[in-house]
Every structure is written in structure tokens, then in C-alpha cells.
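Topology and contacts: notes
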Amino acid sequence: MTLPDGLIDVLRSARHICVLTGSGVSAESGVPTFREAQTGLWEKFDPQQLATPEAFQHDPALIWRWYRWRRELVARAEPNPGHYALVDLAARVPQLTLITQNVDGLHQRAGSRDVREFHGNLFVDRCSVGDCVITGADMRVDVPLCRECGGRLRPGVVWFGESIPADALRAADNAAGSCDVFLSIGTSSLVWPAAGLAEIAQRQGASVIEINPDATPLTGQSRFAISEKSGVALPELVDSLAL
Ligand code: OAD
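Please read all numbers here as calculations on a predicted model, not as lab measurements.

Thresholds applied
Residues numbered from 1 in each chain as written. Predicted model: local features only at pLDDT ≥ 70, side-chain atom pairs only at ≥ 80, totals over all residues. Heavy atoms only, no water. Core = buried A, V, L, I, M, F, W, Y, C linked by side-chain atoms within 4.5 Å. Buried < 20%, exposed > 50% of the residue type's maximum accessible area, 1.4 Å probe, protein only. Contact = heavy atoms within 4.5 Å. Axes fitted to C-alpha atoms, helices over the stretch in contact; angles between N-to-C directions. Helix = DSSP H or I, 4+ residues; strand = E, 2+ residues; numbered from the N terminus. Parallel < 35°, antiparallel > 145°, perpendicular 65-115°, else oblique. Left-handed = near helix turned anticlockwise from the far one by under 90°. Nonpolar A, V, L, I, M, F, W, Y, C, P; charged D, E, K, R; others polar. Near = heavy atom within 4 Å. Polar contact = N/O pair within 3.5 Å; in protein donor to acceptor, adjacent residues only side chain to side chain. Areas by Shrake-Rupley, 256 points an atom, 1.4 Å probe, with all protein chains shown as cover.

1. Focus: the nonpolar core
- With 27 residues, the main nonpolar core has Leu7, Leu11, Ile17, Leu183 and Ile185 as its most contacted residues.
- Once you skip the residues sitting within four places of it in the chain, Leu183 turns out to touch Ile17, Cys18, Val19, Leu20, Leu89, Ile209 and Ile211.
- Formed by 26 residues, the second largest nonpolar core is a distinct cluster that contains Ala51, Leu62, Val74 and Leu122.

2. Comments concerning the packing of helix α5 (residues 81-92) against helix α9 (residues 230-242)
- Between α5 and α9, the shortest axis-to-axis distance is 8 Å and the interhelical angle comes to 25°. Of the possible angle classes, the one that applies to α5 and α9 is roughly parallel. Crossing geometry of α5 relative to α9 is assigned as left-handed. Where α5 approaches α9, its residues Pro81, Gly82, Ala85, Leu86, Asp88, Leu89 and Arg92 are matched on the opposing element by Ser230, Gly231, Leu234, Pro235, Val238, Leu241 and Ala242.
- Of the residues in the contact of α5 with α9, the class split is nine nonpolar, three polar and two charged.

3. Considering the environment of Ile200
- Examined against the element boundaries, Ile200 turns out to sit in helix α8 (residues 197-203).
- On a C-alpha basis, the gap between Ile200 and Pro217 in space is 15 Å, while along the polypeptide they are 17 residues apart.

4. A closer look at the site of the ligand
- Around the ligand, the structure places 21 residues, and the nearest of them are Ser23, Arg35, His119, Phe160 and Ser188.
- Here an oxygen atom of the ligand sits 3.2 Å away from a polar atom, N or O, in the side chain of Asp214.
- Burial of the ligand by the protein amounts to 91% of the accessible area it has alone, namely 790 Å².
- In terms of residue class, the shell around the ligand is built from six nonpolar, 11 polar and four charged.

5. Structural notes on unusual backbone geometry
- Geometrically, the link from Trp192 to Pro193 is a cis peptide bond, its omega value of 5° lying close to zero.
- Along the chain, Pro193 turns up in the loop between β6 (181-185) and α8.
- Unusually for a residue other than glycine, Asp114 sits at a positive phi of about 55°.
- Secondary-structure assignment places Asp114 in the loop between α6 (106-110) and β3 (116-117).
- Under the relative-accessibility criterion, Asp114 is labelled exposed at 65%.

Scope: geometric values only; no functional claims are made or implied.
What follows is the structure, encoded as C-alpha cells:
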């Protein structure tokens, strides 16, 4: 892979890199991307219709079956070289903020610290009624219930139409507003507000770099666009920094 001219110099002189990742980063771990056709049993379902509060209200057992399937799939997956390269990159720059739209926890399993989860986490449960704190819920039933209030539990992820967790949103806005390099990796740049972070960074003068084998709305706006899988491009980029 040939890295674009000037890219390594920009990374070498960076004081604060803000990284935004999407489901493409986990594709090489065998986790299907969000917009990719789901496999097997879930082929005929559209994830954009399952990941909504309305779908949960209408058929909570169906939504729990889908999330249990995703939990099992992710639990079997392992971080890939792209995840590990981001851990190495963080060690090579004065400051790196990692924001992820992924709910799979693979960045953390690879060793990344202080990961800002924009869309929550697949392995956390939440009460759908109140703010009860839930641990060790009985998962052997179709729809697990909250031990505190008896309400239905739901997966602790952000669904379409719901707000981003306030602390993750604040951290992301601050990082995009103060970084000198913004790296957008494996995301279709279609879902807001995550898709707006690159623009915040660019407006205040940061260099935007995209890594994605396919073109996105961000590709033409980026200073550098690397058309490659993140599990290939990221290790090569980090190795080049070390030379
Ligand atoms: P998408 O499924 O929209 O996009 C995945 C992106 O990854 C695409 O642009 C692919 O081209 C790219 N891609 C595929 N394989 C790759 C690889 N090996 N290396 C790098 N890139 C690769 O997923 P997201 O952008 O993450 O939100 O979707 C953002 C949000 O939309 C998700 O968090 C989810 C979804 O709706 C909610 O559930 C709220």
C-alpha cells in the first residue's frame, strides 16, 4: 500500500489525534458492519428497523433475540490488527482521543483506554422504565426484567432517535474542537451527530484523514483518504511512524 505524500509528516507533528471509528474497524474480526446484510436467521431483518425504541416496544422478545445473537457473535470475535495498531498509535502521540460508534468493546479488549462509546455497549443492560442500575439480571427468560422496579430490561445501546450519552458527546465535541488531526476509520459517515465531528475538526484547522475501502460523503472533504481496510492500513501507518 502506498501512503499519500505528506501523511506521515502530519501524523508525526500531531499533538492531539482524535480518532472516530465505525463498524468497518471490526469487519476483519468477523463482526458484520451495520449496513451489511445480516446473516442466517437475521437475513430478512433490517438492522435500522430493529435498533429503535419503537421496535422494542412492539416486540421486545424479538429485539432481545437479535441482541443475544449479536452478543454471542461478538463474544466469539477477537480484536484484529487495526484495533491493536490504534493502541500503538496512542503510545506514539502526546494525546489521542478514541471515540467509537461500535458497541462491541473490541477496542477495549485490544488494550485501548478511555474509549468514548458514542452508541453505548452491547454487553450492558438498562432498565427501559427508570434509571435503575442493573447487574447480573436473569437472562434465561425471553425478556429480562429489572430487579428494582419490575420494568423490562433493554440492551444498553443507543437506538435510532435516542440521545448520545452526554459524557461521550461532550468528550467528542471537545476532542474534535481541539485536535490537530482527525482520523475517521471504518465508518460510512452517515449517522449524526458522529458524522459531524470531522467537520468540527476541519473548521478549526485539523487535518482530516479517512481510512475506508469504499468512498463515503467524507472522502472528498478529507485531506488524505486511504482506500484500504483498516486492519491493513493502520498497522502499516503505525509502522511507518516508527521508521
Ligand atoms: P456502517 O455499516 O454504516 O459503515 C461501515 C463502513 O465501514 C462502510 O463505509 C464500509 O465501507 C467500511 N468498511 C467495511 N469494511 C471495512 C474494513 N475492513 N476497514 C475499514 N472500513 C471498512 O457502520 P457505521 O458507520 O459504524 O448506530 O454506522 C454508524 C452507526 O450507524 C452505527 O453505530 C449504528 C448505525 O446505525 C446506531 O445503532 C445508533
